[in-house]
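An overview of the molecular structure
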Amino acid sequence: MNNKAKKKLYIIVALILINAVGFTSARYYFSLHNTTEEIPSGLLKKFTQSSPEMISPSRFFEFGLDLLRNIGK
């Protein structure tokens, strides 16, 4: 493999590992706390009043793809 492909592969593997570690630690953290079935009204109000641009995951996905495309340039 050439250097650009290796670099991209290393970055993808690192991001997957970071994601796995974050998921595991969040799962462990939230397993220690008692959860209730109710949603706090302040949190619900915050999500209903925020703009769709702030919570749109497609922008983050496009940003990540652009980063991967521009790594080897």
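Residues numbered from 1 in each chain as written. Predicted model: local features only at pLDDT ≥ 70, side-chain atom pairs only at ≥ 80, totals over all residues. Heavy atoms only, no water.

Some remarks on the overall build of the protein
Of the regular secondary structure elements, the protein holds three helices and zero strands. Along the protein, helices and strands appear, N-terminal first, in the series α-α-α. Residues counted as buried form 1% of the 73 residues belonging to the protein. Per element, the accessible surface of the protein, about 7,200 Å² overall, is 65% carbon and sulfur. (Helix = DSSP H or I, 4+ residues; strand = E, 2+ residues; numbered from the N terminus. Buried < 20%, exposed > 50% of the residue type's maximum accessible area, 1.4 Å probe, protein only. Areas by Shrake-Rupley, 256 points an atom, 1.4 Å probe, with all protein chains shown as cover.)

Concerning the environment of leucine 9
Mapped onto the secondary structure, leucine 9 falls in helix H1 (residues 3-31). Put simply, leucine 9 and leucine 68 are 59 residues apart on the chain and 9.9 Å apart in space, counted from C-alpha to C-alpha.

Some thoughts on the environment of isoleucine 11
Secondary-structure assignment places isoleucine 11 in helix H1. Separated by 60 residues in the primary sequence, isoleucine 11 and isoleucine 71 have C-alpha atoms spaced 9.5 Å apart. In this structure isoleucine 11 touches Leu68 and Ile71, once residues within four positions along its chain are discounted. (Contact = heavy atoms within 4.5 Å.)

A closer look at the packing of aromatic side chains
Considering all chains together, one arrives at one aromatic pair under this definition. Judged by centre distance (5.0 Å) and plane angle (75 degrees), the ring pair of tyrosine 29 and phenylalanine 30 falls under edge-to-face. (Phe/Tyr/Trp six-rings, centres within 6.5 Å; stacked < 30°, edge-to-face > 60°.)

Interpretation note: all reported values are geometric properties and have no functional meaning in isolation.
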